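# A closer look at the structure
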Amino acid sequence: MNKLFNGIYENRRVFITGHTGFKGSWLALWLTKMGAKAAGYSLAPSTNPNHISLLNLDMESTLDTILDLESLSTAMNRFNPDIVFHLAAQPLVRYSYSHPYETYETNVMGTLNVCEAARKCKSVTAIVAITTDKVYENKEWEWGYRENDRLGGYDPYSSSKACAEILLSSYRNSFLNLNDYGSMHNILLSTVRAGNVIGGGDWSIDRLIPDIMKATAAGKPVDIRNPSSTRPWQHVLECLGGYLRVGQVLLEGRKDIADSINFGPVESDNLSVDDVCELVHTIWPQTQFDFPDNTSRLHEAGALRLDCSKARTLLDWKPLWKSARAIRLTVEWYRRFYGEKSITSENDLYEYVKDAHEGGAVWAQQF
Ligand SMILES: NC(=O)c1ccc[n+]([C@@H]2O[C@H](COP(=O)([O-])OP(=O)(O)OC[C@H]3O[C@@H](n4cnc5c(N)ncnc54)[C@H](O)[C@@H]3O)[C@@H](O)[C@H]2O)c1
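Before going into details, it helps to say that this report is about the structure given with it. What you are looking at is a predicted structure, and each value in this text was computed from that prediction instead of being measured. (Residues numbered from 1 in each chain as written. Predicted model: local features only at pLDDT ≥ 70, side-chain atom pairs only at ≥ 80, totals over all residues.)

### What about the overall build of the protein?
Summing up its helical and strand segments, the protein has 12 helices and 13 strands in all. Taking 21 Å as the expected radius of gyration for a compact globule of 367 residues, we find that the protein reaches 19 Å, a close match to that expectation. On the principal axes, the C-alpha backbone points of the protein span a range of 60 × 40 × 40 Å. Evaluated residue by residue, the protein yields a buried proportion of 46% over its 367 residues. Once local pairs closer than 6 in sequence are excluded, the contacts in the protein between residues at least 24 apart make up 79%. (Helix = DSSP H or I, 4+ residues; strand = E, 2+ residues; numbered from the N terminus. Rg over C-alpha atoms; globule rule 2.2 N^0.38 Å. Buried ≥ 20, exposed ≤ 12 C-beta atoms within 10 Å, placed from the backbone. Contact = placed C-beta atoms within 7 Å.)

### Some points on the site of the ligand
Taken together, 24 residues are adjacent to the ligand, and Gly18, Gly21, Leu43, Ala89 and Pro91 come closest. If you list the elements that add at least two residues to the shell around the ligand, you get helix 1 (22-33) and helix 5 (100-119). No other element matches the three residues that helix 1 contributes to the shell around the ligand. When the residues that make up the shell around the ligand are grouped by side-chain class, the tally is 11 nonpolar, 12 polar and one charged. (Near = placed C-beta within 6 Å. Nonpolar A, V, L, I, M, F, W, Y, C, P; charged D, E, K, R; others polar.)

### Here's the deal with the packing of helix 5 against helix 6 (residues 156-174)
Relative orientation and spacing of two packed helices are given, respectively, by the angle between their axes and the distance between those axes. Interaxial distance between helix 5 and helix 6 falls to 9 Å at its minimum, and their mutual angle equals 20°. Comparing the axis directions of helix 5 and helix 6 gives the class roughly parallel. Taken as a pair, helix 5 and helix 6 cross one another with a handedness that is right-handed. Contact residues: Pro100, Thr103, Tyr104, Asn107, Val108, Thr111, Leu112 and Cys115 in helix 5; Pro156, Tyr157, Ser160, Lys161, Cys163, Ala164, Leu167, Leu168 and Tyr171 in helix 6. For the contact of helix 5 with helix 6, the residue count by class is 12 nonpolar, four polar and one charged. (Axes fitted to C-alpha atoms, helices over the stretch in contact; angles between N-to-C directions. Parallel < 35°, antiparallel > 145°, perpendicular 65-115°, else oblique. Left-handed = near helix turned anticlockwise from the far one by under 90°.)

### A word on the sheet that holds strand 5 (residues 126-130)
Within a sheet, each strand pairs with its neighbour through backbone hydrogen bonds, oriented either parallel or antiparallel. If you walk across this open sheet you meet the seven strands as 3-2-1-4-5-6-11, and the pairing is parallel. Strands with a single pairing partner mark the edges of an open sheet, and in this sheet they are strand 3 (60-63) and strand 11 (260-263). Neighbour-to-neighbour, the strand axes of the sheet open up by a mean angle of 20°, direction not taken into account. Here strand 6 (residues 188-194) runs beside strand 11; their pairing, made up of four bridges, is parallel. (Pairing = 2+ DSSP bridges.)

### With respect to unusual backbone geometry
Cis geometry is adopted by the peptide bond preceding proline 49, which originates at asparagine 48 and carries an omega value of 10°. Its place among the elements puts proline 49 in the loop between strand 2 (37-42) and helix 2 (51-55). The residue asparagine 80 is not glycine, and still its phi comes out positive at about 55°. Mapping asparagine 80 onto the fold places it in the loop between helix 3 (69-79) and strand 4 (83-86).

### Here's the deal with the environment of leucine 112
With respect to the element layout, leucine 112 can be found in helix 5. Classification of leucine 112 by C-beta neighbours within 10 Å gives partly exposed; the count is 19. It is 9.0 Å that separates the C-alpha atoms of leucine 112 and leucine 67, two residues lying 45 residues apart in sequence.

### As for the packing of helix 1 against helix 8 (residues 236-251)
Running from amino to carboxyl end, helix 1 crosses helix 8 at an angle of 65°, the nearest separation of the two axes being 10 Å. By crossing handedness, the relation of helix 1 to helix 8 is classed as right-handed. Contacts between helix 1 and helix 8 involve Phe22, Lys23, Trp26, Leu27 and Trp30 from the first element and Val236, Leu237, Leu240 and Leu244 from the second. Of the residues in the contact of helix 1 with helix 8, the class split is eight nonpolar, no polar and one charged.

### Re helix 8
Along an α-helix, residues three or four positions apart point the same way, because every turn accommodates 3.6 residues. The terminal C-alpha atoms of helix 8 lie 22 Å apart, and with 16 residues this matches the ideal 22 Å at 1.5 Å per residue to within 8%. For helix 8, the tally of buried residues reaches 15 of 16 residues, placing the bulk of the element in the interior. Immediately downstream of helix 8, the backbone of glycine 253 shows phi near 90°, a positive value. (Expected span 1.5 Å × (residues − 1).)

### Notes on the environment of aspartate 293
Along the chain, aspartate 293 turns up in the loop between strand 13 (289-290) and helix 10 (309-315). Using a count of 4 C-beta atoms within 10 Å as the deciding quantity, one classes aspartate 293 as exposed. For the pair aspartate 293 and asparagine 226, spaced 67 residues apart in sequence, the C-alpha to C-alpha distance is 9.3 Å.

### Brief notes about the pairing of strand 5
Consecutive residues of a regular strand have side chains that alternate between opposite faces of the sheet. The element strand 5 is largely enclosed, with a buried count of five among its five residues. Two elements, strand 4 and strand 5, share four bridges in a ladder whose sense is parallel. Looking at the pairing, histidine 86 lines up with alanine 129 of strand 5. A crossover links strand 5 with its parallel partner strand 6, the connecting element being helix 6, and its sense is right-handed. (Right-handed = clockwise from strand over helix to strand, strands pointing away.)

These figures capture arrangement, not role.
What follows is the structure, given as structure tokens:
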């Protein structure tokens, strides 16, 4: 896999915040398979089991909080990364209602610390900050949100990520201004926005597929909230491919990508929660669902679509797997894990890269 993304990640020093989490662990897997030297900085895994421990990767790992700027800077300066992928966050909407302070502190002050540590670390030349599709002021309309649409956020999580976007934009203007690139500083910074992501190895609370998988493994039914809500259902490898493509071109010095970029599934491929349950049931027939009235009074966004024309036009990036394929692979991952106690993450990655290569993806021309 070393030749993916123009071979840019081979022997590249990559610092990942949030490597003990769902997306961070998949990113660490992909990077190490491409021959990158990876170092992670996160809290200890919050679930048992967890994907990063199951993967057992050859990488450096610091278990500490991004709220401690000194500890974070020390870890970054010791490792001397070329690029930083910032994923560490409190990422759960419903949890953010009961823990707003922790959510804002982690997502805003934590991001501030990552920016400060990275801009003062002499080796860093690129920062990819992961936010979310929920940063947009949700108008519940049928069109996809574009990167220049108004930021907002109803719940504390979405709002904290919109705050992080504003903070990152200020850093891009104030300290990492493109006009000063190459003279006053050497860092290009992008923010990347993706939607509900699925895949094996996620045991977080209040996420649809992990909740269904955990309940099914325990032989129990699962309560389904908001069955009519539609979401983009994207395999985690899809958005990670986008993030890695952004990282590649930033490392190559492409200033036009030092901006915000959406990564979502094809717009016509949105499925309702109800559709997802039906599909999951065909793959793992032991699943049982309850649809109680009023499981929650907490506001959660209904319709949410992303317009990904910018990623398509500027990065030649497009999603590869339909939602149904992503859901199938995800459910099969958990079935295998609970049945045979083995994981298929490497196989899933290989399948994805092979499909990208055969589908003519620009980043997978050679691998
Ligand atoms: N999973 C999704 O569907 C999704 C969708 C959109 C955006 N995102 C974003 O992607 C990123 C990763 O999400 P995820 O699903 O992997 O979440 P996750 O909960 O699985 O992982 C979060 C990671 O952040 C780390 N972390 C949390 N607080 C920290 C702190 N104070 N100091 C250091 N590390 C800390 C955790 O240790 C963990 O490694 C987040 O920024 C999230 O907002 C996720």
